[in-house]
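Chain residues, written in single-letter form:
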Amino acid sequence: MADKGNSLTRRKERKEEVSAELTKDVEKMKDEGERAADNGEVPSAEASDGAGASSQDGDLQVEPMELPPFEIIQGDRIDPFAFKFQFKNVEYSSGRNKTFLCYLVDLGNTADGLLRGYLEDEHTGSHAEEAFFIQCIPNYDPSLRYTITWYVSSSPCSACAAKIAEVLKARKNIKLSIFAARLFEWEETEIQAGLKAMHAAGCKLRVMKPLDFSYTWGTFVENEEEPLNLWEDCKENYEYYQEKLADILQ
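What you see is a predicted model; the values in this text were computed from it and never measured. (Residues numbered from 1 in each chain as written. Predicted model: local features only at pLDDT ≥ 70, side-chain atom pairs only at ≥ 80, totals over all residues. Heavy atoms only, no water.)

## Considering the overall build of the protein chain
Broken down by element type, the protein chain carries 7 helices and 8 strands. By the burial criterion, 38% of the 250 residues in the protein chain qualify as buried. Taking the contacts inside the protein chain whose residues are at least 6 apart along the sequence as the reference set, 72% of them involve residues at least 24 apart. Just so you have it, the protein chain exposes about 15,100 Å², and 49% of that area is on carbon and sulfur atoms. (Helix = DSSP H or I, 4+ residues; strand = E, 2+ residues; numbered from the N terminus. Buried < 20%, exposed > 50% of the residue type's maximum accessible area, 1.4 Å probe, protein only. Contact = heavy atoms within 4.5 Å. Areas by Shrake-Rupley, 256 points an atom, 1.4 Å probe, with all protein chains shown as cover.)

Put into structure tokens, the structure is as follows:
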């Protein structure tokens, strides 16, 4: 009973820490925006061409602005601050509305050799898991053997899990291993079904261990040769998520 009480206390403390962390991030973004405005970097509504028009009574009428469609970001190395926030394996992941997918693709004895990079998305647009098969291996060759490893900030949603399972069933020459920092909405029935479907299709699923975070930091992050200082409850959170994943896949 004492252990259970201590665990609940630790989870409450972690939730409060995440809330404080998010508050700091919001305040930092607000301060940066105010400094940009003071330096004249943000145009006013009156000065923007086509941004607004004055009515006969002098009131400013703001016209709606069309934003460009969201695109998947593909790159070589992740910003270190983004990695530390997005990959942190906290139990309460509020505010982490992106998926970062770091990938290794081994094509065996070919001229391309080992492909490496990362994809970044937002949950409101296309997802990195689906984009990977289009952007990273566009010229799929059924005669080659693909050994693919992902290190992702969170496990796939139900829709992406279904598409991954579909790809693995159709392309038997692809072997995929996924190491996730966190489990995305693992309590939901459809999420659990998706994880099981991937597992049944041959996908190797595991939660990232502390050593995996250090490896990802060294391989995919603009770390300036600085080591990663793991957060205090990294190992404890790994064990928590790994236990949940094992229960789902059993």
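## With respect to unusual backbone geometry
Positive phi outside glycine occurs at E185, with the angle close to 45°. Mapped onto the secondary structure, E185 falls in the loop between β7 (174–180) and α5 (189–200). With phi around 60°, E225 is a residue other than glycine that occupies positive phi space. Tracing the backbone through its elements, the reader meets E225 in the loop between α6 (210–220) and α7 (234–249). Exposure remark for E225: the relative accessible area of 78% places this residue in the exposed category.

## With respect to α5
The end-to-end C-alpha distance of α5, which contains 12 residues, comes to 16 Å, matching closely the 16 Å that a straight helix rising 1.5 Å per residue would cover. Among all positions in α5, only I191, G194, L195 and M198 are buried. Seen along its axis, α5 keeps its buried residues to an arc of 95°; they face one direction. Away from the buried face of α5 by more than 90 degrees, exposed residues T189 and A200 are located. (Expected span 1.5 Å × (residues − 1). Arc of directions from axis to C-beta.)

## Describing a negative patch on the surface
There is a patch of like negative charges on the surface, built from D79, E222, E224, E225 and E226. Inspection of the secondary structure assignment puts E226 in the loop between α6 and α7. (Patch = residues over 30% accessible without salt bridge, like charges linked within 9 Å, V, L, I, M, F, W, Y side chains within 5 Å. Salt bridge = Lys/Arg side-chain N within 4 Å of Asp/Glu carboxyl O. Lys, Arg positive; Asp, Glu negative; His and termini not counted. Charge placed at Lys NZ, Arg CZ, Asp CG, Glu CD.)

## Some details on the packing of aromatic side chains
Counted according to the given criterion, the structure contains 14 aromatic pairs. Pairing Y151 with F220 gives two aromatic rings, centres 6.2 Å apart and planes at 50°, and the pair type is tilted. Here F220 lies in helix α6 and Y151 lies in strand β6 (residues 146–152), a separation of 69 residues in the sequence. Consider the rings of Y240 and Y241, whose centres lie 5.4 Å apart with planes at 70°: the pair is edge-to-face. Just as Y240 is buried, Y241 falls in that class too. Between R171 and the ring centre of Y140, over which it is positioned, the NZ or CZ distance is 4.0 Å. (Phe/Tyr/Trp six-rings, centres within 6.5 Å; stacked < 30°, edge-to-face > 60°. Lys NZ or Arg CZ within 6 Å of the ring centre and 35° of its normal.)

## Quick word on the pairing of strand β8 (residues 204–207)
As judged from the 4 bridges shared by β7 and β8, these two strands associate in the parallel manner. In the strand pairing of β8, S177 is matched with K204. Of the crossover connections in this fold, the one passing from β7 over α5 to the parallel β8 is right-handed. (Pairing = 2+ DSSP bridges. Right-handed = clockwise from strand over helix to strand, strands pointing away.)

## Quick word on the packing of α5 against α7
It is the contact of α5 with α7, at a shortest axis distance of 9 Å, that shows an interaxial angle of 75°. With respect to α7, the element α5 is oriented roughly perpendicular. Two secondary-structure elements touch here, α5 through Q192, L195, K196 and H199 and α7 through L245, I248 and L249. When its residues are assigned to classes, the contact of α5 with α7 shows 4 nonpolar, 2 polar and 1 charged. (Axes fitted to C-alpha atoms, helices over the stretch in contact; angles between N-to-C directions. Parallel < 35°, antiparallel > 145°, perpendicular 65-115°, else oblique. Nonpolar A, V, L, I, M, F, W, Y, C, P; charged D, E, K, R; others polar.)

## Focus on α7
The terminal C-alpha atoms of α7 lie 22 Å apart, and with 16 residues this matches the ideal 22 Å at 1.5 Å per residue to within 8%. Among the residues of α7, C234, N237, Y238, Y240, Y241, L245, I248 and L249 are the ones counted as buried. One side of α7 carries all its buried residues, which in axial view fall inside an arc of 160°. More than 90 degrees from the buried face of α7, the exposed residues found are K235 and E243.

## Looking at the pattern of salt bridges
Scanning the model with the defined rule gives 5 salt bridges in all. With a closest N to O distance of 2.8 Å, D76 and R116 form a salt bridge. A residue pair is termed long-range when its members are at least 10 positions apart, and D76 in the loop between β3 (73–75) and α2 (80–86) and R116 in strand β5 (residues 114–122) qualify at 40 residues. A relative accessible area of 42% means that D76 is categorised as partly exposed. Given the relative accessible area of 29%, R116 is considered partly exposed. Taking the shortest distance from any N to any O, the salt bridge between K163 and E130 comes out at 3.1 Å.

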